[in-house]
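Residue-level structure breakdown
Here's the letter readout for the chains.
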Amino acid sequence: MRVTSVSSAIMAAFYHPPPPPPPPAFTFCIHPFTTNALPSSKRSMTSFTKLKMSNKNPSTTNLIPRVVQQQQQQQNNNNTTTAYRPTNPELLSSPSHIQTSALSLHSFLQHKKNVLVLTGAGLSTESGIPDYRGYNGSYQRGHVPMVHDQFMNHESQRQRYWGRSLVGWKSFASSKPSSGHEALTELERMGRIGVTFEDSPSYYSNDDDDDDYLFSNGLQKLSIITQNVDGLHHKANSRHVTELHGRGNVLKCMTCGSFHCRREYHDLLTKLNQGWIHDALKDVDVEEDDSSSSKLRPDGDAYIANDNYGDIIVPPCPTCLEKTNDDDTTTTATTTTTPGFLKPDVVFFGDSVPRHRVERCYGAVKASDGLLCIGSSLAVHSAFRFVRAAAEENIPICILNVGKTRAEEGMIQQQQQQQQRKGSRSRSRHDEELYEKLEKLVIKIEAPAGPTLSACVQMLKSSFSSSSSSSSS
């Protein structure tokens, strides 16, 4: 995939130096997303309730603090009509609970040689990027994500997206890997996660070089499937990662198919729209907390109070523009081709994951002996289908997440009730068998991802050191 630089032709066509802003001088900076502080009255986290024990591995338990169960039950009793909100992860961060959760994860990883990891937005919350359905998730604030058809068919929606990205992208792009990302990199280095499986032509797209498969050694390696578009697994130096929904720092022209660097495009956007940025943020206090009118979103954009996007200049594709200019100088035709527009090379809601990417992930799932899901509610089909595929192959599944997920018994029952209220058809026998398998195969660990993964890595290193010492003696 070739990523080209943004052409200076756009600057010549659109850019006119703006008048100097009035004092005080405007500074383009974004206050990082902050989570709510712990409640003043800390609750004891030493009491646990055993919910389920795996028949295959009695040492692995599914533990949730009793105080969390009580909190969730109280929420359900207070208002059964409101949307479900997970527990505050800070209530699950006591050393005793992290240690217990890490032991459960350690037990799951033991005696497995081909564990595949599936990560979601919950893994990146420690990096300052909010998730969608978590305790402080953007859906809790009324966030409506960009929909594919809206972006493709309406210029006003593209202006809205790029306007909000002008505010949110710099903070999003400058985020650093969390302790969870770094722990997964270490697990990959230790050989605790990662699957090797047979290569196939179906794992390659038309954008790949034709020789990629021909010169393959016949094997694929995959450690992590991520739903995230933040690129933090790569920043943490994980090697074998498939970004299911794409990567947000690359743009693709919807006309000519050329790829471009988003950082360069944002620099151009900023220069072309300095006046709009100043007006949009002049009433924003970047030192405010979560109540600020500027809030980072999981997509890399941000909520802003200014809802006037009609004045935003959105530059066209540089490659198309250069070609159009070249055609104008070599032909006398009265009609010219309109330059295409750029779209982040990600899967917006309502779009489909490229088939070759899905096939590669299916191949990894079938070759695995364990699927570890981290920081994902598994609410969307693009992720849940791999849990379904693992269950159909009787592959053990471990879920490390704060909040209910689509693969758990309680969520399954909730979906059944929703289907009944909507008058939907009853579940097929195949679905019944699938959910029966999920009930037996799924181990749930209700704990923050980063601290739990880090503690588990330390346990694995300690056990390895102990075994090495024993063998040498």
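This one's a predicted model, so the numbers in the text were calculated from it and none came from an experiment.

1. Thoughts on the packing of helix α12 (residues 355–367) against helix α13 (residues 381–392)
Between α12 and α13, the shortest axis-to-axis distance is 10 Å and the interhelical angle comes to 35°. Classified by chirality, the crossing of α13 by α12 is right-handed. Touching V358, C361, Y362 and V365 of α12 are R385, F386, A389 and A390, all from α13. In terms of residue class, the contact of α12 with α13 is made up of 7 nonpolar, no polar and 1 charged.

2. Quick notes on the nonpolar core
L378, V387, I397 and L438 are the most contacted members of the largest nonpolar core, which totals 33 residues. Elements with a minimum of two residues in this core: β4 (115–119), β5 (195–198), α12, β14 (370–374), α13, β15 (397–400) and α15 (429–441). In terms of residues, this core owes the most to one element, α13, which gives 7 residues. Counting residues in hydrophobic clusters, the runner-up holds 28 residues, among them I98, L105, L184 and A455.

3. Concerning helix α3 (residues 95–109)
Here α3 is 15 residues long and its end C-alpha atoms lie 21 Å apart, about the 21 Å a rise of 1.5 Å per residue gives. Among the residues of α3, H97, I98, S101, A102, S104, L105, H106, S107, F108 and L109 are the ones counted as buried.

4. Examining the sheet that holds strand β8 (residues 241–243)
Ordered by their spatial adjacency, 6 strands build an open sheet running β8-β7-β4-β14-β15-β16, and the pairing between neighbours is parallel. Of all strands in the sheet, those with a lone pairing partner are β8 and β16 (442–445), marking the two edges. Averaged over neighbouring strand pairs, the angle between their axes works out to 15° when direction is ignored. Where β14 meets β15, 4 bridges bridge the pair, whose relative direction is parallel. Within β15, the residue paired with L372 across the bridge is C398.

5. A few points about α15
Helical geometry note: an α-helix holds 3.6 residues per turn, so side chains three or four residues apart project in the same direction. Between the first and last C-alpha of α15 there are 18 Å, a value that for 13 residues agrees with the 18 Å anticipated at 1.5 Å per step. Buried residues of α15: D431, L434, Y435, L438 and L441, and no others. Looking straight down α15, one finds its buried side chains confined to an arc of 130°; they lie on one side. Structural note: α15 exposes R429 and K440 on the side pointing more than 90 degrees away from its buried face.

6. Comments concerning the packing of aromatic side chains
For the structure on display, the rule yields 10 aromatic pairs. With a centroid separation of 5.4 Å and 50° between ring planes, the pair formed by F151 and F348 is classed as tilted. Of this pair, F151 sits in helix α4 (residues 148–153) while F348 sits in the loop between β13 (342–346) and α12, and the two are 197 residues apart along the sequence. The residues F151 and F348 share a single accessibility class, namely buried. Members of the aromatic cluster, each reached through a chain of ring pairs, are F151, Y161, W162, Y265, F341 and F348. K112 extends its terminal NZ or CZ atom over the ring of F108, reaching a point 4.3 Å from the ring centre. When the ring centre of F341 is taken as reference, the NZ or CZ atom of R158 above it lies at 3.8 Å.

7. A look at the confidence of the model for the protein
As a general rule, the predicted coordinates of low-pLDDT regions are not to be interpreted in detail. Confidence in the prediction of the protein, expressed as mean pLDDT, is 77, and 65% of residues score 70 or more. Within the model, pLDDT remains below 50 along residues 74–82, and this stretch shows 1 contact once partners closer than five positions in the same chain are excluded. Per-residue pLDDT stays below 50 along residues 285–294; that stretch engages in 19 contacts with residues further than four places along the chain or on separate chains.

8. Describing the pairing of strand β6 (residues 219–222)
Burial along β6 is one-sided: the face carrying Q220 and L222 is buried and the face carrying L219 and K221 is not. In terms of strand pairing, β5 meets β6 through 4 bridges, oriented antiparallel. Bridged to F197 within β6 is Q220.

9. Quick notes on the pattern of salt bridges
For the structure shown, the criterion picks out 7 salt bridges. Taking the shortest distance from any N to any O, the salt bridge between R189 and E186 comes out at 2.5 Å. Of the two residues, R189 and E186 are both situated in helix α6 (residues 179–189); the distance of 3 residues between them amounts to about one turn of the helix. With its nearest N and O atoms 2.7 Å apart, the salt bridge here joins R355 to E359.

10. Section: unusual backbone geometry
Even without a glycine there, the phi angle at N237 is positive, about 70°. Checked against the element boundaries, N237 lands in the loop between α8 (232–235) and β8. Despite not being glycine, N394 shows a phi value in the positive range, around 60°. Looking at where N394 falls in the secondary structure, it is placed in the loop between α13 and β15.

11. Focus on the state of the cysteines
What the rule picks out here adds up to 0 disulfides. There is no disulfide at C256, and the cysteine sulfur nearest it, in C253, is 3.7 Å away. Judged by its relative accessible area of 39%, C256 is partly exposed.

Reading guide: rules and limits
- Residues numbered from 1 in each chain as written.
- Predicted model: local features only at pLDDT ≥ 70, side-chain atom pairs only at ≥ 80, totals over all residues.
- Heavy atoms only, no water.
- Axes fitted to C-alpha atoms, helices over the stretch in contact; angles between N-to-C directions.
- Helix = DSSP H or I, 4+ residues; strand = E, 2+ residues; numbered from the N terminus.
- Left-handed = near helix turned anticlockwise from the far one by under 90°.
- Contact = heavy atoms within 4.5 Å.
- Nonpolar A, V, L, I, M, F, W, Y, C, P; charged D, E, K, R; others polar.
- Core = buried A, V, L, I, M, F, W, Y, C linked by side-chain atoms within 4.5 Å.
- Buried < 20%, exposed > 50% of the residue type's maximum accessible area, 1.4 Å probe, protein only.
- Expected span 1.5 Å × (residues − 1).
- Pairing = 2+ DSSP bridges.
- Arc of directions from axis to C-beta.
- Phe/Tyr/Trp six-rings, centres within 6.5 Å; stacked < 30°, edge-to-face > 60°.
- Lys NZ or Arg CZ within 6 Å of the ring centre and 35° of its normal.
- pLDDT = per-residue confidence, 0-100.
- Salt bridge = Lys/Arg side-chain N within 4 Å of Asp/Glu carboxyl O.
- Disulfide = S-S within 2.5 Å.

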